[in-house]
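This is what each chain is made of:
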Amino acid sequence: MSEEIVIPSPADFHVHVRQGKMCELVTPQVAKGGVRTAYVMPNLVPPLTSTDAVLSYKAELERIDPSVQWLMTLYLHTDVTPDVVRKAADAGIYGIKVYPQGLTTNSDSGVKDYEAYYPVFQAMEENNMVLNLHGEVSSDAEKNISVLNAEVHFLSHLKKIATDFPKLRIVLEHATTAAAIEAVSSLPANVACTITAHHLYLTIDDVPSQPHHFCKPVAKEPKDRKALQDAIKSGNPKFFLGSDSAPHPLSSKIPNLTDDGSVSACAAGVYTSPILIPLVATLLESFGALDKLAGFVSENGRKFYGVPAGENQELKLKRTGNGKEDGLVKGTFKGEGVEVLPFWTGKKLGWEIVN
Ligand code: NCD
Ligand code: ZN
């Protein structure tokens with residue numbers, strides 16, 4: 001068994017780094033987790049719906065950590081017109097993220113009707129921008145739609161958009177089901193898919209007892225987890241890492257009695273940035289896919305997005321030793337007035353970063 005691995009510059013093609021004090025706390029953790037290129041989500045308050053807002057957010061991230069290449073996205077919204085798309089593309093913004101309305105964190109101004117945005121998708125296709133899809137539909141008791149099958153019900157939208165815009169690059173974000181893997185595999189090469197680290201480990205059984213495992217989309221059944229693992233094992237370049245690392249203050253993850261006497265809801269999101277690449281290595285090894293690590297975290301996504309690895313940006317990992325605390329993840333991270341708990345707290349990682 002090898003004791004050291006060197007992989008080309010890792011990239012995380014879906015990460016939330018927030019704003020304000022939380023941003024100051026979590027942004028430096030992206031590089032600590034082994035990531036050199038980060039594709040940043042726009043679901044801030046207010047959402048990033050203009051090129052200027054995205055560029056000033058980018059400048060803020062560069063101020064906090066200039067060592068990471070920050071790739072930026074816009075939030076799809078009625079303010080985002082074909083003209084805005086052209087301006088964004090000219091400014092070097094890579095993609096536009098679609099949040100179905102009301103379905104996840106900060107998605108109140110998200111999308112209800114995909115066809116209403118066809119002129120925007122057309123401008124994106126013409127300007128070579130990437131469409132990033134949060135692939136779930138809203139729960140609907142009449143139609144028996146819940147968080148358990150919300151992704152499967154979304155796949156008809158994915159297929160329709162891909163058929164109607166054959167040259168548009170589309171990423172189905174954070175796939176959690178065997179059906180999603182199958183759908184992406186069957187579509188042409190311009191349709192790809194991110195997979196998170198936590199969905200390679202969790203199943204729905206891990207979620208009800210543990211708010212820190214609650215995220216959107218929720219983890220599904222063991223057969224679905226196996227399909228995600230098999231997609232990576234296959235080496236198919238359509239599948240690459242997008243951590244969906246989504247930090248929330250500890251207080252928002254734990255239901256609290258509020259001032260008006262009601263109980264607050266648990267925020268959706270799993271936080272993996274600080275341990276990301278060692279965690280992915282540990283998980284891939286657990287299901288016999290360590291030889292696919294470089295493809296999954298460094299090569300496939302870069303190729304799809306056309307973002308080559310920089311020189312001298314390799315990441316070296318070594319196996320953790322047998323010391324009592326070696327590889328142990330010890331939560332929490334504390335900043336000024338904020339505290340977040342990382343995934344894998346209390347468990348040991350099999351790999352650690354050398355450089
Ligand atoms: C994300 C967040 O907190 O911003 N939450 C999550 O559960 N994944 C939003 C998202 O990507 O859906
Ligand atoms: Zn996300």
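Here the residue numbers are simple positions, counted from 1 along each chain's written sequence. Both sets of labels track the order of writing: A upward for chains, 1 upward for ligands. Totals for whole chains, interfaces and linings use all residues, but because this is a predicted model, local features are given only for residues with pLDDT of at least 70 and pairs of side-chain atoms are given and counted only at 80 or more. Water and hydrogen atoms were dropped before computing side-chain values, which therefore reflect all heavy atoms in the structure.

Under an unreviewed UniProt entry, the name given to the protein is dihydroorotase, and the source organism is Kwoniella heveanensis BCC8398. Quoted verbatim from the Pathway (unreviewed entry) field of UniProt, the annotation for the protein is "Pyrimidine metabolism; UMP biosynthesis via de novo pathway; (S)-dihydroorotate from bicarbonate: step 3/3." Taken from UniProt, the Sequence similarities (unreviewed entry) comment for the protein reads in full: "Belongs to the metallo-dependent hydrolases superfamily. DHOase family. Class II DHOase subfamily." UniProt positions are given in the numbering used here, feature names are shortened, and annotations may be inferred rather than shown by experiment.

Visitor: Please explain the overall build of the protein as it appears in this structure.
Guide: Runs of H or I in DSSP of at least four residues are treated as helices and runs of E of at least two as strands, each being numbered from the N terminus. Looking only at helices and strands, the protein features ten helices and 14 strands. Its C-alpha atoms give the protein a radius of gyration of 19 Å, within 12% of the compact-globule value 20 Å for 355 residues. Taken along its principal axes, the extent of the C-alpha atoms in the protein is 60 × 55 × 45 Å. A 1.4 Å probe rolled over the protein chains alone gives each residue an accessible area, and that area as a share of the maximum for its type sets the label: buried under 20%, exposed over 50%, partly exposed in between. Within the protein, the proportion of its 355 residues that are buried is 54%. Excluding contacts between residues fewer than 6 apart, the proportion of contacts in the protein whose partners are at least 24 apart in sequence is 74%. In the structure as shown, the protein presents an accessible area of about 14800 Å², 51% of it carried by carbon and sulfur atoms. Within these notes, the globule rule equals 2.2 Å times the number of residues to the 0.38 power, and the radius of gyration is based on C-alpha atoms. We call two residues in contact whenever any of their non-hydrogen atoms come within 4.5 Å of each other. Note on areas: Shrake-Rupley with a 1.4 Å probe; residue coverage comes only from the protein chains shown.

Visitor: What am I meant to see in the pairing of strand 2 (residues 11-15) here?
Guide: Walk down a regular strand and you will see the side chains alternate between the two sheet faces. For strand 2, the tally of buried residues reaches five of five residues, placing the bulk of the element in the interior. Pairing of strand 2 with strand 3 (residues 37-40), which is carried by three bridges, proceeds in the parallel orientation. When the sheet's bridge partners are listed, A11 is paired in strand 3 with T37. Note on pairing: DSSP must find at least two bridges between two strands before they are called paired.

Visitor: Looking at this structure, how should I read the coordination of the zinc ion (ligand 2)?
Guide: Under perfect tetrahedral coordination by four donors, a metal shows angles of 109.5 degrees; under perfect octahedral coordination by six donors, it shows angles of 90 or 180 degrees. Those protein atoms acting as donors to the zinc ion (ligand 2) are H14 (NE2), H16 (NE2) and D244 (OD), and they sit at 2.0 to 2.1 Å. Ligating atoms shown are N, O and S within 2.8 Å of the metal, or 3.2 Å for Na, K and Ca, and water is not included, meaning a site may look less than complete. Site shape is set this way: if four donors have all angles between 85 and 135 degrees, tetrahedral; if opposite donors are over 155 degrees apart and all others between 65 and 115, square planar for four donors and octahedral for six; otherwise irregular. Because the angles between the four donor atoms bound to the zinc ion (ligand 2) fall within 91 to 141 degrees, the donor set is best described as irregular. Taken in sequence order, the residues that donate to the zinc ion (ligand 2) follow the motif H-x1-H-x227-D. Of the two residues, H16 sits in the loop between strand 2 and helix 1 (20-32) while D244 sits in the loop between strand 10 (239-241) and helix 8 (250-253), which places them 228 residues apart along the sequence.

Visitor: Explain the sheet that holds strand 9 (residues 191-195) to me, please; I cannot follow it from the model alone.
Guide: Hydrogen bonds between backbone groups are what pair the strands of a sheet, and the pairing can be parallel or antiparallel. Pairing within the open sheet is parallel, and its six strands lie in the order 5-6-7-8-9-10. Strands with a single pairing partner mark the edges of an open sheet, and in this sheet they are strand 5 (73-75) and strand 10. Taking the axes of each pair of neighbouring strands and ignoring which way they run, one obtains an average angle of 30 degrees across the sheet. Pairing of strand 5 with strand 6 (residues 95-98), which is carried by three bridges, proceeds in the parallel orientation. Bridge pairing in strand 6 links L74 to I96. Angles here are taken between N-to-C directions and fall from 0 to 180 degrees, while the axes themselves are lines fitted to C-alpha atoms, restricted in helices to the stretch in contact. Across the face of the sheet, helix 6 (residues 178-186) comes into contact with strand 8 (169-173), strand 9 and strand 10 while running at roughly 150 degrees to strand 9.

Visitor: Hey, could you run me through the nonpolar core in this one?
Guide: Nonpolar side chains in soluble globular proteins tend to end up buried together. Among the nonpolar cores identified, the biggest contains 99 residues, and F121, L158, I161 and L293 are the most heavily contacted of them. Residue contributions to this core peak at seven residues, all from helix 9 (residues 276-286). Buried Ala, Val, Leu, Ile, Met, Phe, Trp, Tyr and Cys residues that are joined via side-chain atoms within 4.5 Å together make up what is termed a nonpolar core.

Visitor: Help me out: how do you make sense of the site of ligand 1 in this one?
Guide: In the region of ligand 1, 15 residues are neighbours, and R18, N43, T104, K216 and D244 sit closest. Take H16: an N or O atom from its side chain is 3.2 Å from an oxygen atom of ligand 1. Think of a polar contact as two N or O atoms within 3.5 Å of one another; within protein, one of them needs to be a possible hydrogen donor and the other a possible acceptor, and neighboring residues in sequence only count if both atoms come from side chains. G269 has a polar backbone atom sitting 3.3 Å from an oxygen atom of ligand 1. Protein contacts shield 100% of the accessible area of ligand 1, which totals 320 Å² for the unbound molecule. Gly falls in the polar group here, along with every residue not listed as nonpolar (Ala, Val, Leu, Ile, Met, Phe, Trp, Tyr, Cys, Pro) or charged (Asp, Glu, Lys, Arg). Within the shell around ligand 1, the residues separate by chemical class into three nonpolar, nine polar and three charged. It suffices for a single heavy atom of a residue to lie within 4 Å of a molecule or strand for the residue to be listed as near it.

Visitor: How do you make sense of the sheet that holds strand 4 (residues 69-71) when you look at a structure like this?
Guide: Spatially, three strands are ordered 2-3-4 in an open sheet, and the strand pairing comes out parallel. The open sheet is flanked by strand 2 and strand 4, the only strands paired with a single partner. Pairs of neighbouring strands in the sheet enclose a mean axial angle of 20 degrees, with direction left out of account. Strands strand 2, strand 3 and strand 4 of the sheet are contacted by helix 10 (residues 293-305), whose axis makes an angle of about 70 degrees with strand 2.

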